[in-house]
Amino acid sequence: SLSRRSLTNKRSGELPAGIKSHTFFSEDGAWAYCICIYTEQATQQARAISESMTRNSPLKEGRVGSYEVNADGSFKLDKEGGLIPRSMGKGRVTKKEDL
C-alpha cells in the first residue's frame, strides 16, 4: 500500500527590513528551499532608504497640487498607473536649432 507523507510548517511574523532571500528548487520541482540572510547594516540602510522615500514622496502634503486630479479628488493615472504631472504651460521648451 502507498503511504502519504506531508510536511508542513507555518510561521507568522514580520521579518526586519534588509533581509536578503535566496530560493532554490529541487530538480523535480517537488521541494523549495529558502534561505534568508540578515545583517544589521542592511537593515539600517533599508530603513534609511524607506525614510528618504517617505520624505520625498510626490503624495506628500504640499506636492499634491503638481499632479492632475479627478473631480472626486483622486489622482488621474496614465496607462501604466503612474501619476500625471500637471502642465506647466504650453509652448516650445527648446530652441528650434537644438532639435
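Residues numbered from 1 in each chain as written. Predicted model: local features only at pLDDT ≥ 70, side-chain atom pairs only at ≥ 80, totals over all residues. Heavy atoms only, no water.

J.: Even after reading the chapter, I still don't get the overall build of the chain, so can you show me in this structure?
T.: Secondary structure summary: the chain contains one helix and two strands in total. Counting from the amino terminus, the chain carries its helices and strands in the arrangement β-β-α. The burial tally for the chain puts 4% of its 99 residues in the buried class. For the chain, restricting intrachain contacts to residue pairs at least 6 apart in sequence, the fraction spanning at least 24 positions comes to 14%. (Helix = DSSP H or I, 4+ residues; strand = E, 2+ residues; numbered from the N terminus. Buried < 20%, exposed > 50% of the residue type's maximum accessible area, 1.4 Å probe, protein only. Contact = heavy atoms within 4.5 Å.)

J.: Please clarify how the packing of aromatic side chains should be interpreted in this entry.
T.: Aromatic ring pairs are reported here in terms of the distance separating the ring centres and the angle at which the planes meet. On inspection of all chains with the given rule, the structure shows one aromatic pair. Relative to Tyr 33, the ring of Trp 31 has its centre 6.5 Å away and its plane inclined at 15 degrees; by these criteria the two rings are stacked. The exposure class assigned to Trp 31 is partly exposed, which follows from its relative accessible area of 46%. (Phe/Tyr/Trp six-rings, centres within 6.5 Å; stacked < 30°, edge-to-face > 60°.)

J.: Any chance you could explain a nonpolar patch on the surface here in plain terms?
T.: On the surface, Phe 24, Trp 31, Tyr 33, Ile 35 and Ile 37 cluster together into a nonpolar patch covering about 520 Å² of accessible area. Per element, the largest residue contribution to the nonpolar patch is three residues, and it comes from strand β2 (residues 32-37). Position of Phe 24 relative to the elements: it lies in strand β1 (residues 20-25). Judged by its relative accessible area of 43%, Phe 24 falls in the partly exposed class. (Patch = residues over 30% accessible without salt bridge, like charges linked within 9 Å, V, L, I, M, F, W, Y side chains within 5 Å. Areas by Shrake-Rupley, 256 points an atom, 1.4 Å probe, with all protein chains shown as cover. Salt bridge = Lys/Arg side-chain N within 4 Å of Asp/Glu carboxyl O.)

J.: I keep staring at the pairing of β2 and nothing clicks. Help me out?
T.: Both faces of the sheet carry side chains from a regular strand, because those side chains alternate between them. Here β1 runs beside β2; their pairing, made up of six bridges, is antiparallel. Bridge pairing in β2 links Ser 21 to Cys 36. Where β1 hands over to β2, the hairpin turn is made up of six residues, of which Gly 29 adopts a positive phi near 75 degrees. (Pairing = 2+ DSSP bridges.)

J.: Looking at this structure, how should I read the confidence of the model for the chain?
T.: Any residue range with low pLDDT should be treated as having predicted coordinates unsuitable for detailed reading. Averaged over every residue, the pLDDT of the chain is 77; the share at 70 or more is 77%. Per-element confidence in the chain is highest for β1, whose mean pLDDT is 89, and lowest for helix α1 (residues 40-55), whose mean pLDDT is 81. (pLDDT = per-residue confidence, 0-100.)

J.: In this structure, what is going on with the environment of Pro 16? I would like to understand it.
T.: Here Pro 16 is to be found in the segment before β1. Residue class for Pro 16 comes out partly exposed when judged on its relative accessible area of 34%. Separated by 30 residues in the primary sequence, Pro 16 and Ala 46 place their C-alpha atoms 9.4 Å from one another.

J.: What exactly am I supposed to notice about the state of the cysteines here?
T.: All told, the structure shown has zero disulfides when counted by the stated rule. Free of any disulfide, Cys 34 has its nearest neighbouring cysteine sulfur in Cys 36, separated by 4.1 Å. (Disulfide = S-S within 2.5 Å.)

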